[in-house]
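Read off the chains here:
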Amino acid sequence: MTTERLMAVLDGARLVRYNPDGYLLVWHGGHGVHAYDESFDEVGFWNVGDLSQSDASESEVRESMAESMLRGIDEESA
C-alpha cells in the first residue's frame, strides 16, 4: 500500500524534494506545492509565484521549497 501511495503522490510531478525533517515536497506545476509526511498523507500546501501567471517558475518553486526546509512545515495549512 505504501508504494502505491508514493507512486500516486509522485505521478506527474515536475519537482520533488526530500526535507530531512521527514517531509516530501512535491510540485506538479501551477502554483501549489504539496508537503507529505512519511505515510504520504498531505500535511501542508502553499502557493508560489505570481498567481496571475499560469505557472510559477521552477526557480520560484525551488526557492520556496528551500525556505520551507528552513522554517518548517505548517501542518495546519493542509
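Look a little higher up for the structure.
Residues numbered from 1 in each chain as written. Predicted model: local features only at pLDDT ≥ 70, side-chain atom pairs only at ≥ 80, totals over all residues. Heavy atoms only, no water.

S.K.: What's the story with helix α2 (residues 58–71) in this structure? I'm lost.
M.R.: Side chains of residues three or four places apart in an α-helix project in the same direction, reflecting 3.6 residues per turn. Its 14 residues place the ends of α2 20 Å apart at the C-alpha level, agreeing with the 20 Å of an ideal helix rising 1.5 Å per residue. Every buried residue belonging to α2 is among V61, S64, M65, S68 and M69, and all of these are buried. End-on view of α2: buried residues confined to an arc of 145°, all on one side of the axis. Counted as exposed and oriented over 90 degrees from the buried face of α2: S59, E63 and L70. Those residues of α2 that are buried lie in contact with β1 (15–19), β2 (23–27), β3 (32–36) and β4 (42–47). (Helix = DSSP H or I, 4+ residues; strand = E, 2+ residues; numbered from the N terminus. Expected span 1.5 Å × (residues − 1). Buried < 20%, exposed > 50% of the residue type's maximum accessible area, 1.4 Å probe, protein only. Arc of directions from axis to C-beta. Contact = heavy atoms within 4.5 Å.)

S.K.: I'm lost on the pairing of β3 in this one. Help?
M.R.: Within a regular strand, the side chains alternate between the two sheet faces. Most of β3 is tucked away, with five of its five residues classed as buried. Hairpin remark: β2 followed by β3, antiparallel, with four residues in the connecting loop; positive phi at G29, about 110°. Direction of pairing for β3 relative to β4: antiparallel, over a ladder of five bridges. For Y36, the partnering residue across the bridge sits in β4 and is E42. The turn joining β3 and β4, which pair antiparallel and follow one another in sequence, is formed by five residues; a positive phi near 65° is taken by F40. (Pairing = 2+ DSSP bridges.)

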